[in-house]
There are 2 protein chains.
Amino acid sequence: MAKRILLDMDGVMADVYQNLINLEYRNSGRRISYRDLEGNNVLTYFPNLSEMLHQKGFFRNLPLMAGAQEGTEYLNSKYDLYIVTAAVKLPDSMIEKYEWLQENFPYIRPQQMIFCGSKIPVCGDIMIDDHPKNLYPFCGERILFTQPNNIHMDFPDFVRINSWKDIDTLL
Amino acid sequence: MAKRILLDMDGVMADVYQNLINLEYRNSGRRISYRDLEGNNVLTYFPNLSEMLHQKGFFRNLPLMAGAQEGTEYLNSKYDLYIVTAAVKLPDSMIEKYEWLQENFPYIRPQQMIFCGSKIPVCGDIMIDDHPKNLYPFCGERILFTQPNNIHMDFPDFVRINSWKDIDTLL
């Protein structure tokens with residue numbers, strides 16, 4: 001039986017930071033880079049973060065992470081794949097995330113999507129996520145996807161990957 | 001540590017059959033009773049079932065099951081409670097179900113809500129559901145909530161309860 005993978009959306013499949021950078025430039029004219037964000041509190045750079053996340057269409061129009069489409073298709077062919085995304089705190093994001101998945105990952109069936117508040121009750125063999133708080137309570141293999149929020153932190157318990165190329169090699 | 005309960009919405013917290021009966025009467029003038037539905041294919045009685053389920057507001061306006069509010073509050077005080085509902089096949093239902101929960105069960109936090117396609121990857125100690133297909137793959141204690149779809153079927157592996165009164169006694 002294929003191992004079950006729990007795959008995070010934001011910061012792994014979808015490039016949330018790029019969308020924030022684009023919106024900040026459009027709203028205030030401030031150019032922010034990934035480097036600026038590394039290890040820093042995002043609120044320093046996006047003072048209107050909450051409004052941006054609540055803005056209609058924010059999650060519907062997220063750019064794809066490089067290699068996410070091919071990589072997800074590969075995982076879907078080899079593993080029992082579920083997309084697990086913390087979405088309920090922003091309830092309007094659920095339908096946007098569903099439509100985004102349907103458009104960009106048409107081979108992912110609705111049965112494979114989980115929109116939750118907490119990921120704690122979702123079980124599997126492997127979790128891929130950019131947030132240590134989601135990986136810590138997970139009992140299986142924990143893979144940390146590098147993003148500006150975690151880049152300067154050391155997590156000996158997790159396997160760190162820097163891009164979708166690493167996923168193809170590792171899994 | 002409190003045991004984790006996975007609680008189903010439709011047919012346990014929310015009276016889906018009552019809503020279908022009300023809508024069928026409004027649409028066609030046909031009066032259908034719970035007794036009619038017992039053990040029968042619902043499509044015989046609701047030929048436009050799919051349209052009814054897709055109708056805007058269907059899941060926002062579901063009547064409550066008798067005792068569901070008090071019973072859920074009791075479970076929430078004693079257990080690690082999650083509301084787990086198969087909603088992704090009808091993606092517009094997610095926001096309606098969220099709003100319905102917020103209105104009728106204001107003490108349930110977004111962190112406790114899971115909108116999924118399949119319940120298989122969601123783990124806990126106890127599952128309460130009206131659909132045997134959700135209970136079968138579950139590893140913990142399985143509690144079948146009586147509804148017309150399951151009333152005539154015998155499930156020796158499950159504990160059957162007929163109402164929220166039974167939940168209060170059992171748990």
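Since we're looking at a predicted model, the values are computed, not measured. (Residues numbered from 1 in each chain as written. Chains lettered and ligands numbered in written order. Predicted model: local features only at pLDDT ≥ 70, side-chain atom pairs only at ≥ 80, totals over all residues. Heavy atoms only, no water.)

A short note on the pattern of salt bridges
Residues and elements named next belong to chain A.
Item 1. Counted by the stated rule, this structure contains 16 salt bridges over all chains.
Item 2. For the salt bridge of Glu38 with Arg35, the shortest nitrogen-to-oxygen distance reads 3.6 Å.
Item 3. On the basis of relative accessible area, Arg35 is assigned to the exposed category, the value being 63%.
Item 4. Residue Asp129 pairs with Lys119 through a salt bridge whose shortest N-O separation is 2.7 Å. (Salt bridge = Lys/Arg side-chain N within 4 Å of Asp/Glu carboxyl O. Buried < 20%, exposed > 50% of the residue type's maximum accessible area, 1.4 Å probe, protein only.)

Let's talk about the relation of the copies chain A and chain B
Item 1. The transformation that overlays chain A on chain B combines an axial shift of 0.0 Å with a rotation of 180°, and the residual RMSD is 0.0 Å. This pairing of chains is accounted for by a two-fold axis. (Least-squares fit on C-alpha atoms with pLDDT ≥ 70 in both.)

A look at the pairing of strand 2 (residues 80-86) of chain B
Residues and elements named next belong to chain B.
Item 1. Burial runs high along strand 2: five of the seven residues are buried.
Item 2. Taken together, the four bridges between strand 1 (residues 4-7) and strand 2 define a ladder with parallel strand orientation. From the neighbouring strand, Arg4 faces strand 2, where its bridge partner is Asp80.
Item 3. The sheet contact formed by strand 2 and strand 3 (residues 113-116) spans four bridges and is parallel. Along strand 3, the bridge assignment pairs Val84 with Ile114.
Item 4. Handedness of the crossover joining strand 2 and strand 3 through helix 6 (residues 93-104): right-handed. (Helix = DSSP H or I, 4+ residues; strand = E, 2+ residues; numbered from the N terminus. Pairing = 2+ DSSP bridges. Right-handed = clockwise from strand over helix to strand, strands pointing away.)

Side note on the domain arrangement of chain A
All names here are of chain A.
Item 1. Domain annotation of chain A identifies domain 1 (4-15 + 63-170) and domain 2 (16-54).
Item 2. Of note, the centres of domain 1 and domain 2, computed from C-alpha atoms alone, are 21 Å apart.
Item 3. Across the boundary between the two partners, domain 1 contributes eleven residues, which contact ten residues of domain 2.
Item 4. On the domain 1 side of the contact with domain 2, Asp15, Leu90 and Pro148 bury the most area, a combined 56% of that side's loss. (Domains from an automatic or database assignment. Contact = heavy atoms within 4.5 Å. Buried area = accessible area lost by both parts, 1.4 Å probe.)

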